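Residue-level listing of the chains:
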Amino acid sequence: MHIGCHLSSSKGYLAMGQEALRIGADTFSFFTRNPRGGSAKAADLPDMLSLRELLEREGFAPLVAHAPYTYNLCSDRESNRQFAERSMREDLERLEALPGNFYNFHPGNHMKQGSGQAIHIIAASLNSIMWEGMGTTILLETMAGKGTEVGRSFEEIASIMEKADLGDRLGVCLDTCHVFDGGYDIVNDLDGVLSEFDRIIGLGHLMALHLNDSRNPFGSHKDRHEKIGLGTIGTECFGRIVNHPALKDLPLILETPQEDNDGYAREIAMLRNMYAP
Ligand code: FE
Ligand code: FE
Ligand code: ZN
């Protein structure tokens, strides 16, 4: 079982790896730059290489870096689209120092252009961002369908992937809160949701999970995360997820609201305790 949580990158790369170890994690996620701003810290190559060495030594599962929420590849404003493309390309170039990991992003908001148009734009952008032989796999995140979010259904995710050229470097990160809010009933029919995923996208493309409980009812299209067991998804469902044959080997990333990382340490311990293959 591979589990971790979102960590702050404010103290650098090696510090994230050490913090992950402290809280019982063997994977984690982090923003590739400040989520509210656009400016990247100057790449700290020695720090990244120290993290890389720690990950190998400690046998970490792949990390799931997260693109800032401010990127919108399918914005209706050209300058926003260009900013997102340029920033994603820079993030991916920097991540070459940590090869073999994942880079997860939100497909975007179509801003009334319609999801069909947005799907074309996103796929075309991916084709210009990605390159042959890149060391990172890009993951599209399943979204709750709030506002004009793209990626609200498995069909929308699949059609972006079908239109992209370097499909072997593309995968999916399934967010439990988002799919539940989006109308996929993982609580009462996890197997049904996963077979739908398999039919439309293919389970072979499922690379990582975001584990979040939800503050809102099924199908609400809201996207408010809750601590594991305290929301509308509930502990039992997470017990089934961590033991599910199609999911149990994937990196599981917590993005639950916590006061500090000790809260994540408790959640990681609780989920590891539920793992009983
Ligand atoms: Fe996300
Ligand atoms: Fe998420
Ligand atoms: Zn969310």
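Each chain carries its own residue numbering, running from 1 in the written order of its sequence. Lettering of chains starts at A and numbering of ligands starts at 1, both following the order in which they are written. Residues qualify for local features only when their pLDDT is at least 70, as the model is predicted, and side-chain atom pairs are given and counted only at 80 or more; totals for whole chains, interfaces and linings, by contrast, use all residues. For the side-chain quantities, the full set of heavy atoms in the structure was used; hydrogens and water were omitted.

Caption draft 1: The arrangement of the side chain of Thr136 in detail. Secondary structure elements are taken from DSSP: a helix is a run of H or I of four residues or more, a strand is a run of E of two residues or more, and numbering for both begins at the N terminus. By the secondary structure assignment, Thr136 is in the loop between helix H4 (115-129) and strand S5 (137-141). Classification of residues uses two cut-offs on accessible area relative to the type maximum, computed with a 1.4 Å probe and protein chains only: under 20% is buried, over 50% is exposed, and between them is partly exposed. What makes Thr136 buried here is its relative accessible area of 1%. With sequence-adjacent residues up to four places away left out, Thr136 is seen in contact with Leu92, Leu95, Glu96, Asn101, Phe102, Tyr103 and Arg169. A contact between two residues is defined here by any heavy atoms of the two lying within 4.5 Å.

Caption draft 2: Local environment of empty space enclosed by the protein. A pocket, in this scheme, is an open set of points on a 1 Å grid over the protein atoms alone with protein on both sides within 12 Å along at least 5 of 7 lines, while a cavity is a set where a 1.4 Å probe fits but cannot get out; residues line either one if an atom lies within 4 Å of a point. Grid points are joined across faces, edges and corners, and a volume is the space filled by probe spheres set on the points. Applying the stated criterion across every chain yields a total of 2 cavities of 30 Å³ or more. Here the largest cavity is characterised by a volume of approximately 40 Å³. As for the largest cavity, its lining consists of Leu174, Ile186, Leu190, Val193, Leu194, Leu209, Ile241 and Leu247. Broken down by element, the residue count for the lining of the largest cavity peaks at 3 residues, all from helix H7 (residues 190-200). Within the lining of the largest cavity, the residues separate by chemical class into 8 nonpolar, no polar and no charged. Roughly 30 Å³ of internal volume is contained in the second largest cavity. Lining the second largest cavity, in full, are His66, Ala67, Pro68, Tyr69, Tyr71, Phe105 and His106. Under the scheme applied, nonpolar residues are Ala, Val, Leu, Ile, Met, Phe, Trp, Tyr, Cys and Pro; charged residues are Asp, Glu, Lys and Arg; polar residues are all the others, including Gly.

Caption draft 3: The coordination of the iron ion (ligand 1), seen in detail. Coordination partners: N, O, S within 2.8 Å of the metal, 3.2 Å for Na, K and Ca; water not considered, so apparent gaps in a site are possible. Donor atoms from the polypeptide that bind the iron ion (ligand 1) are His66 (NE2), His106 (NE2) and Glu141 (OE), placed at 2.1 to 2.2 Å. Along the chain, the residues that donate to the iron ion (ligand 1) are spaced as H-x39-H-x34-E. A separation of 3.2 Å is found between the iron ion (ligand 1) and the iron ion (ligand 2), which are bridged by Glu141. Taken together, the residues His66 in strand S2 (residues 64-66) and His106 in the loop between strand S3 (102-105) and strand S4 (108-109) connect sequence positions 40 residues apart. With a relative accessible area of 1%, His66 lands in the buried category.

Caption draft 4: View of the layout of surface pockets. Considered as a void within the structure, the second largest pocket measures approximately 340 Å³ in volume. Around the second largest pocket sit 17 residues that line it, and Tyr69, His106, Lys146, Asp223 and His225 are the ones nearest its centre. Across the lining of the second largest pocket, the residue classes tally to 4 nonpolar, 6 polar and 7 charged.

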